[in-house]
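Spelled out, the chains give:
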Amino acid sequence: MQNCLAVYTAKRAINGRKLAEIARSVGIDLRFLALGGQIASNTSEILSKALTGVNGGGLLIVGGFEKDQELLIDFDTRLSQGDQPALARQLNGGLLPWCELYSGKFHYETACQRDAKAKAKLDGSVTKSQLPALKAAQNRYLIYNQSRKKNGGQLMKTLTPALAEAVDGIVADYQR
């Protein structure tokens, strides 16, 4: 089961507001939490600053598709009330799709030098025609279906190509 996709781009890092717009363009209402499903205390920072510099580049994204609107309304209510236990039950129960999002600066040569196996993994994650774009990339977004639930996979597989298109990037099958 494919559980992590990456987007590599030479463009500047985007902010959470832009990611939410991209998600909306493919029918996803996106919410941001801190990793571990904790309520983020810096939502305005997530929305306005480059994602690579917020929360160490790691966030939990919760998505709602059209069929999830009632659940998303309940989620938003619980979120506004600070009801962490209820949010955890919703996420752990797989009621709404969620994925971990890791955003960071990327430099191909440095990544290859740091880990002997990295070059083969990186080169094998894209087609031969995409290799020059991978080598020129300055930022990487990893969307990781940590829950391994079907709806999390749907979120990952719907959002990733939309993100890649919006940032003139490429999608890679990220191998952990």
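These lines cover the structure that appears in this document, whether it is placed above or below. Source: prediction; values computed, not measured.

Rules of the game
- The residue numbers shown here count from 1 along each chain, following its written sequence.
- With the structure being a predicted model, the display of local features is reserved for residues of pLDDT at least 70 and the display and counting of side-chain atom pairs for 80 or more, all residues being used for whole-chain, interface and lining totals.
- Hydrogens and water molecules were not included; the side-chain quantities draw on all heavy atoms of the structure.
- Helix numbering and strand numbering both begin at the N terminus, where a helix is a DSSP run of H or I of at least 4 residues and a strand a DSSP run of E of at least 2.
- Between the two quantities, the radius of gyration covers C-alpha atoms and the globule rule is 2.2 Å times the number of residues to the power 0.38.
- Per-residue accessibility, obtained with a 1.4 Å probe over protein chains only, is compared with the maximum for each type, and a residue is labelled buried under 20%, exposed over 50%, and partly exposed between these values.
- Contacts are assigned to residue pairs with any non-hydrogen atoms lying within 4.5 Å of each other.
- Charge convention: Lys and Arg are scored as positive, Asp and Glu as negative, and His as well as the terminal groups of each chain are ignored.
- Working definition for charges: the position is that of NZ of Lys, CZ of Arg, CG of Asp or CD of Glu.
- By definition here, a salt bridge exists when the distance from a side-chain nitrogen of Lys or Arg to a carboxyl oxygen of Asp or Glu is within 4 Å.

## Considerations on the overall build of the chain
A count of helical and extended segments in the chain gives 8 helices and 6 strands. Of the regular secondary structure in the chain, the N- to C-terminal order runs β-α-β-α-β-α-α-β-α-α-α-β-α-β. At 16 Å, the chain has a C-alpha radius of gyration in line with the 16 Å of a compact globule built from 176 residues. Taken over the C-alpha atoms alone, the chain extends approximately 45 × 30 × 30 Å along its principal axes. The proportion of buried residues among the 176 residues of the chain is 47%. When contacts within the chain are restricted to residue pairs at least 6 apart in sequence, long-range pairs at least 24 apart make up 80% of them. Once the 23 positive and 16 negative side-chain charges of the chain are each reduced to a mean point, those two points are 7 Å apart.

## Looking at the pattern of salt bridges
Between side chains of opposite charge, a pair can form when the charged atoms approach closely. All chains considered together, the criterion is met by 7 salt bridges. In this structure, Asp-68 and Lys-67 form a salt bridge, with 3.4 Å as the shortest nitrogen-oxygen distance. Among the residues examined, Asp-68 registers a relative accessible area of 5% and is labelled buried. When the shortest N-O distance is used, the salt bridge between Asp-74 and Arg-78 registers 3.4 Å. Placement of the pair is Asp-74 and Arg-78 together in helix 3 (residues 69-81), with a separation of 4 residues, close to one helical turn. Each of Asp-74, Arg-78 and Asp-83 takes part in a single network of salt bridges with overlapping partners.

Honestly, that's just the spatial picture; any functional story needs more than this.
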